[in-house]
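Geometric and topological summary
Here is what each chain is made of, one letter per residue.
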Amino acid sequence: MALPDYVPPQTMEILFSRQQIAERVHAIGTQISNDYAGQSIVLIGVLKGAAIFLSDLARSITVDNTFDFVAVSSYGRARVSSGQVKMIKDIDNPIEGKHVILVEDILDTGLTLSYLRQLMLQHKPASLKIATCLDKPDRRLVPIEADYVGFKIPNRFVIGYGMDFAERYRGVEDIRIYPEIPAGH
Ligand code: IMP
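Overview of the structure. (Residues numbered from 1 in each chain as written. Predicted model: local features only at pLDDT ≥ 70, side-chain atom pairs only at ≥ 80, totals over all residues. Heavy atoms only, no water.)

1. Considerations on the sheet that holds strand 3 (residues 65-73)
Test applied: Strand pairing follows a simple DSSP-based rule, namely that at least 2 bridges must link the two strands. Secondary structure elements are defined from DSSP: runs of H or I of at least 4 residues count as helices, runs of E of at least 2 residues count as strands, and each element is numbered from the N terminus. In this description, a line fitted to the C-alpha atoms serves as the axis of each element, helices being fitted only across the stretch in contact, and the angle between N-to-C directions of two axes falls anywhere from 0 to 180 degrees. Only heavy atoms enter the contact rule, under which two residues are in contact if any of them lie within 4.5 Å.
As summarised here, the arrangement of the six strands in space is 4-3-2-5-6-7, forming an open sheet in which the pairing is mixed. One side of each edge strand has no neighbouring strand; the edge strands of this open sheet are strand 4 (86-89) and strand 7 (148-152). Neighbouring strand axes in the sheet, compared pairwise and without regard to direction, differ in orientation by 30° on average. The sheet contact formed by strand 2 (residues 41-47) and strand 5 (residues 99-107) spans five bridges and is parallel. Residue pairing across strands places Val-42 opposite Val-100, the latter belonging to strand 5. Relative to the sheet, helix 1 (residues 18-35) contacts strand 2, strand 5, strand 6 (127-135) and strand 7, its axis offset from that of strand 7 by approximately 160°.

And the structure:
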């Protein structure tokens with residue numbers, strides 16, 4: 001499939017600035033530190049989108065923590081959910097009896113996190129919560145809510161802060177609106 005034309009990110013409208021993101025992520029880190037005071041937690045990031053959110057979040061959390069990553073395939077380049085989710089990379093370390101937080105970039109249709117939540121529950125963690133940088137509640141196909149949400153947003157396609165379009169723009173520091181909503185999205 002041919003790559004779409006490159007749209008320079010600085011031409012895209014900023015939805016959340018790096019400063020707004022930093023403040024919000026810090027606030028979530030503080031909330032998690034309070035909620036889990038005196039305990040140890042495992043953060044499980046969903047590659048690749050959540051990598052940057054997780055790295056900032058982990059540095060805002062003051063309780064004992066480790067992190068791990070999983071990778072799933074669902075969207076590919078098309079930006080449109082096929083509804084099919086498949087695990088490509090599993091966790092490296094056991095989570096049985098541990099307090100786990102799944103860390104995601106965007107909670108959209110909910111298909112990815114519902115699938116991952118079911119899989120992680122089979123490992124019998126002591127508890128399982130979800131942290132997402134962005135939440136698009138209007139797009140939900142399956143009922144699932146996050147315990148920690150950075151920002152709730154309307155149905156716009158966004159890039160930056162780990163989020164991509166056709167693998168581009170993950171390193172853009174602000175969260176910006178891609179200038180079109182993908183067909184079927
Ligand atoms: P869902 O909740 O299973 O539909 O999928 C969530 C995943 O879809 C996220 O982890 C993103 O990878 C991707 N996604 C959904 N909306 C956007 C967006 O606006 N920009 C970039 N990726 C998105």
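From this point on, the discussion continues.
2. Considering the side chain of Arg-139
Just so we agree on the cut-off: Only protein chains enter the area calculation, which uses a 1.4 Å probe; residues under 20% of their type maximum are buried, those over 50% are exposed, and those in between are partly exposed.
Along the chain, the position of Arg-139 falls in the loop between strand 6 and strand 7. Under the relative-accessibility criterion, Arg-139 is labelled buried at 13%.

3. Remarks on the pattern of salt bridges
Quick note on the threshold: Put simply, a salt bridge is a Lys or Arg side-chain nitrogen that is within 4 Å of an Asp or Glu carboxyl oxygen.
Across all of its chains, the model carries 13 salt bridges by this definition. The partner of Glu-167 in a salt bridge is Lys-48, and the shortest N-O contact between them spans 2.9 Å. You can see Glu-167 sitting in the loop between strand 8 (158-159) and strand 9 (175-177) and its partner Lys-48 sitting in the loop between strand 2 and helix 2 (51-58), a full 119 residues away along the chain. We classify Lys-48 as partly exposed; its relative accessible area is 47%. In this structure, the salt-bridge partner of Asp-164 is Arg-170, at a minimum N-O distance of 3.5 Å. Accessibility expressed as a relative area gives 17% for Arg-170, which makes it buried. Each of Arg-18, Glu-173, Asp-174 and Arg-176 takes part in a single network of salt bridges with overlapping partners.

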